Amino acid sequence: MRRTTLILAGFLLACLSISCTCTTGRTTPLSLDDLRGLPLETVIQMREDILAKHPDGGSLTKTEADNVALLRDQERRLENAWLFGEWRERHGSRLMFRDDGTVSVGARGGAYDELGVYKFISPEEPSYDAIWTLVYDDKGDPVVLIPAKGSAPARVYPFHGSHKEVREQVGDLLTAVETGFYFTKTQY
């Protein structure tokens, strides 16, 4: 009972602080930390509050435009909440998608060659954290983009009708090439 009361009090406090921030004309940039744990409805309301300040179609300030873009990115993530959690590849590589827009790309001990044979490398590629972006392809399917570490090409994960499996690609939306990595969603 006490835990429920604390959760409810925290939620009410978060909603109150968000509504106060939005109605007082917030001009400071939002960050992903500000959006962590917020429900989809709250994120939509925050975006609508910013846009409501310009009912005549007036232009947004740079900060307002950046905030609207960040809020819209977060909406897309929350609309596809099935992505959150851990995805594993059979050789141990993993992806951990979080609701705050961050992703942990696990260490890799090898790579697939052009014949699809997994070859171990030494030393292994270290893990890293990044910000993931969700876009939609021309068919309306979600595609996750993860910037790579260093000068390597970005990682592309097109979810064509499946919420349980995805084949990794590298490049950009137009020139992506498969890497051989096949990730499946782990169940908790």
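Residues numbered from 1 in each chain as written. Predicted model: local features only at pLDDT ≥ 70, side-chain atom pairs only at ≥ 80, totals over all residues. Heavy atoms only, no water.

It is not clear to me how the pairing of strand β10 (residues 165–170) should be interpreted in this structure. Could you clarify?
Residues in a regular strand project their side chains so that they alternate between the two faces of the sheet. Across two bridges, strand β9 (residues 155–158) lies against β10 in antiparallel orientation. In the strand pairing of β10, V156 is matched with Q169. In sequence, β9 turns back onto β10 through a hairpin of six residues, with G161 there showing a positive phi of about 80°. Pairing analysis gives five bridges linking β10 to strand β11 (residues 177–185), with the strands arranged antiparallel. Directly across from E165, in β11, lies its bridge partner T184. (Pairing = 2+ DSSP bridges. Helix = DSSP H or I, 4+ residues; strand = E, 2+ residues; numbered from the N terminus.)

I keep staring at the packing of helix α3 (residues 40–52) against helix α4 (residues 62–79) and nothing clicks. Help me out?
Helices that pack against each other are described as a pair by the angle of their axes relative to one another and the distance between those axes. Between α3 and α4, the shortest axis-to-axis distance is 9 Å and the interhelical angle comes to 155°. Our classification of the angle between α3 and α4 gives roughly antiparallel. Judged by the twist between their axes, the crossing of α3 over α4 is left-handed. The residues of α4 that touch α3, namely those facing L40, V43, I44, M46, R47, I50 and L51, are E64, N67, V68, L71, R72, Q74, E75, L78 and E79. The residue inventory of the contact of α3 with α4, partitioned by class, reads nine nonpolar, two polar and five charged. (Axes fitted to C-alpha atoms, helices over the stretch in contact; angles between N-to-C directions. Parallel < 35°, antiparallel > 145°, perpendicular 65-115°, else oblique. Left-handed = near helix turned anticlockwise from the far one by under 90°. Contact = heavy atoms within 4.5 Å. Nonpolar A, V, L, I, M, F, W, Y, C, P; charged D, E, K, R; others polar.)

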